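Spelled out from the first residue to the last, the chains are:
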Amino acid sequence: MNAVVATVPALANDLLVGSEWGPEQVRGLFQLAADIKARPEHYRSALVGRFLAMIFEKPSLRTRVTFEVGIASMGGGAVFLDHTQARLGERESVHDVAKNLERWVQGIVARVFEHTVLEELAENSSIPVINALSDRCHPCQALADFFTLEERFGGLRGLKFAYIGDGNNVCHSLLTVGARLGVHVRVATPAGYEPDPAVVSEARRNARENRGKIEILRSPEEAVTGAQAVYTDVWASMGQENEAAEREAIFARYHVNRRLFGQADANAVFMHCLPAHRASEVAAEVIDSPQSIVFDQSENRLHVQKAILLTLLS
Ligand code: CP
Ligand code: NVA
C-alpha cells in the first residue's frame, strides 16, 4: 500500500450529523482531501479489501457516483442496495440489517427518509455509518462545500456566506459545519420554513467558540448584501413533492436571480448542492454564469468523501 501522507486526528466512528467532528478534525479532513485531490495515485491501494454497503431510500446522482468511484479508486468496493421502492426495515428490521452488514462490509453509507434510521443502524453495528442525506442533514455535502470555499478564498474564518430559501437538511449542515469553521452564516427563509431552532442554537454556540456568526433572517436582500458566497437549494426536497406547488408561491421572493445575486460582493460565488431547478430557486443567468461554482462543489464531493472513507475505514 502506498503511504498515506496526510492524516486526520482520531474521529468519531460515524458521520451522522457533522457535529461529531470538531474544527481541528474538519481542518485535518480538508488537508487530507486536498492531498487526495492533488495526488490520487498515492491512495490507489489505500482501501484494498474494504467494502461499503450503500443503502439508498431516495434517488441520487452525485452521492452515489462519488462514493462508488471514491472507494473503487482506492482499491475497495461498494454494494448498492436499492431501497427506493421499499423502505429500509420493511423486509426485515433495521436492527437485523445492521447485524448482517457488519459481518460482511467495513462501512455503511445510507440515504434515508428518517434520520432515526441512521441512528438505529449506527447503534446496532460496530462499523462506521455515514449519512448520505437524511430528512435532518447532509453532512458530506456541507463538508465538500466548505472545502470548495476554502480552495477558492484561501480561508474560511469570517467568510460571509448567505443561504437563501428552505431551512432544510442542507441548510442545517451548512450551519453545523460553517459554525465550526468560523464562517459568518446568514440564512434567509420564508416564515415557517426556518431551520430547526435546536440546530441554530448549537451552531450559535459553536460560532461563538470559533469566532463565526449565525444570523437567521427573513429578507433575502439583507442576507446577500456583501456576501462572498450565495447558496440555495430546492424549495421542495425529496419526499415533499406534494407541497411543490404551494412552496413555489411561498418561496417566490427567494428566487436567486441576477438582481438578488448582484447585491452580493462583486466577486461572490454562487453555490447549489444540486439537483437544481432553473426558474424556481435559481435563474439560469446565475447558475450558468462564470461566478457559479456548482460543478466544483460536485467534483469535491469525490475528494472529500474519499478523505472521509480513509478516515473512518482504514
Ligand atoms: N447533492 C446531492 O447530494 O446530490 P444527489 O442527490 O444527486 O446525490
Ligand atoms: N434538500 C434536498 C437536497 C438534495 C441533495 C433534498 O433533500 O432533496
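Residues numbered from 1 in each chain as written. Chains lettered and ligands numbered in written order. Predicted model: local features only at pLDDT ≥ 70, side-chain atom pairs only at ≥ 80, totals over all residues. Heavy atoms only, no water.

## With respect to the pattern of salt bridges
Tallied over the full model, the rule gives 15 salt bridges. One salt bridge connects Glu194 with Arg218, and the closest N-O pair in it is separated by 3.0 Å. A residue pair is termed long-range when its members are at least 10 positions apart, and Glu194 in the loop between β6 (184-188) and α7 (197-209) and Arg218 in the loop between β7 (213-217) and α8 (220-224) qualify at 24 residues. Sharing partners across several salt bridges, the network here consists of Asp166, Glu243 and Arg247. (Salt bridge = Lys/Arg side-chain N within 4 Å of Asp/Glu carboxyl O. Helix = DSSP H or I, 4+ residues; strand = E, 2+ residues; numbered from the N terminus.)

## Comments concerning the pairing of strand β8 (residues 229-232)
Every second residue of β8 is oriented toward a common face, with Ala229 and Tyr231 on one face and Val230 and Thr232 on the other, all of them buried. Sheet topology places strand β5 (residues 160-164) next to β8; 4 bridges connect them, and they run parallel. The residue of β8 that forms the bridge with Ala162 is Val230. (Buried < 20%, exposed > 50% of the residue type's maximum accessible area, 1.4 Å probe, protein only. Pairing = 2+ DSSP bridges.)

## Some details on the confidence of the model for the chain
Mean pLDDT over the chain stands at 96; residues scoring 70 or higher make up 96%. The low-confidence segment residues 1-10, where pLDDT is below 50, has 25 contacts with residues more than four positions distant or belonging to other chains. (pLDDT = per-residue confidence, 0-100. Contact = heavy atoms within 4.5 Å.)

## Digging into the packing of helix α1 (residues 23-38) against helix α5 (residues 139-153)
Closest axis-to-axis distance for the α1/α5 pair is 11 Å, and the angle between their directions is 70°. On the basis of the axis angle, α1 is roughly perpendicular to α5. Contacts from Val26, Leu29, Phe30, Ala33, Ala34 and Lys37 of α1 reach α5 at Leu143, Phe146, Phe147, Glu150 and Glu151. A breakdown of the residues in the contact of α1 with α5 according to their chemical character gives 8 nonpolar, no polar and 3 charged. (Axes fitted to C-alpha atoms, helices over the stretch in contact; angles between N-to-C directions. Parallel < 35°, antiparallel > 145°, perpendicular 65-115°, else oblique. Nonpolar A, V, L, I, M, F, W, Y, C, P; charged D, E, K, R; others polar.)

## Examining the packing of α1 against helix α12 (residues 294-313)
Two numbers describe how α1 lies on α12: the axes approach to 8 Å, and their chain directions differ by 115°. Judged by the sense of rotation from one axis to the other, the crossing of α1 with α12 is right-handed. On the side of α1, the interface is formed by Leu29, Leu32, Ala33, Ile36 and Lys37, while α12 contributes Glu299, Asn300, His303, Val304, Lys306, Ala307, Ile308, Leu310 and Thr311. The residue inventory of the contact of α1 with α12, partitioned by class, reads 8 nonpolar, 3 polar and 3 charged. (Left-handed = near helix turned anticlockwise from the far one by under 90°.)

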